[in-house]
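# A look at the structure
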Amino acid sequence: MLHSALLYSSCDDAVRRLLPLIDDTLERDGGVLVCLDRAKTARLAAGLGQRGERVTFLPLEARFSRPARAVQALAQYIERQHAAGVQHVHSIGEITLSGAEADVDWLHYEAAVNDIFADQPLQATCLYPRSLDEAALASIARTHPHLDDDGMCASHSYEDAF
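What you are looking at is a predicted structure, and each value in this text was computed from that prediction instead of being measured.

## Structural notes on the side chain of Thr125
Summarising the element assignment, Thr125 is placed in strand E5 (residues 122–129). On the accessibility criterion, Thr125 (2% relative accessible area) is buried.

## Thoughts on the packing of aromatic side chains
One pass over the structure, following the stated rule, counts two aromatic pairs. Their ring planes at 75° and their centres at 5.9 Å tell us that Phe64 and Trp106 sit as a pair that is edge-to-face. With Phe64 in the loop between helix H3 (60–63) and helix H4 (67–83) and Trp106 in helix H5 (residues 102–116), this residue pair connects regions lying 42 residues apart in the sequence. Of the two residues, Phe64 and Trp106, both sit in the buried class. Aromatic side chains Trp106 and Tyr109 sit 5.5 Å apart centroid to centroid with 80° between the ring planes, which places their arrangement in the edge-to-face category. Of the two residues, Trp106 and Tyr109 both sit in helix H5, three residues apart, roughly one turn of that helix. With relative accessibility at 7%, the residue Tyr109 sits in the buried group. Members of the aromatic cluster, each reached through a chain of ring pairs, are Phe64, Trp106 and Tyr109.

## Some remarks on the sheet that holds strand E7 (residues 152–154)
Ordered in space as E3-E2-E4-E5-E1-E6-E7, the seven strands form an open sheet in which the pairing is mixed. Each edge of the open sheet is held by one strand with a lone partner, namely strand E3 (55–57) and E7. Averaged over all pairs of adjacent strands, the angle between their axes in this sheet comes to 20°, without regard to strand direction. Across five bridges, strand E2 (residues 31–35) lies against strand E4 (residues 89–93) in parallel orientation. Opposite Val32, over in E4, you have His90 as the bridge partner. Lying over the sheet, helix H1 (residues 11–27) contacts strand E1 (2–8), E2, E3, E4, E5 and strand E6 (146–148), oriented at roughly 155° with respect to E1. On the sheet, H4 packs against E2, E3, E4 and E5 and is oriented at approximately 155° with respect to E2.

Thresholds applied
Residues numbered from 1 in each chain as written. Predicted model: local features only at pLDDT ≥ 70, side-chain atom pairs only at ≥ 80, totals over all residues. Heavy atoms only, no water. Helix = DSSP H or I, 4+ residues; strand = E, 2+ residues; numbered from the N terminus. Buried < 20%, exposed > 50% of the residue type's maximum accessible area, 1.4 Å probe, protein only. Phe/Tyr/Trp six-rings, centres within 6.5 Å; stacked < 30°, edge-to-face > 60°. Pairing = 2+ DSSP bridges. Axes fitted to C-alpha atoms, helices over the stretch in contact; angles between N-to-C directions. Contact = heavy atoms within 4.5 Å.

Honestly, it's all geometry; don't read function into it.
What follows is the structure, given as structure tokens:
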């Protein structure tokens, strides 16, 4: 599993950086699951054009209503893809951190997926706005082994057990 946090500055920035990642997965006949807000989903679908027919778009609230549901939705998607003969899956999603107590549950989810899906041929790209406060960005760096802040690198703050 390759689990990374992609830090973006705008909707256009996020879409610009996601398109090559999706194209790479599609070129390798992989499955792509996208769970983003409506604006990013619409722009991403427009940017993909016909290639978007090979991408599964799931409404953000259908997957990220609560952490257990998020794990279940991804596990089911991986299972369906493997049953169809797809060997590699790329999950792209965005959890909204609001500064509320629920953020802790989502950060534990981000840490847990490293173990839950460790043996899966999975690339997981989690989007977060650069505008989050320093504490949230530090937590993201601790729960994601890789960071993409206009270039992929290992997270030096990553903690295997958050």
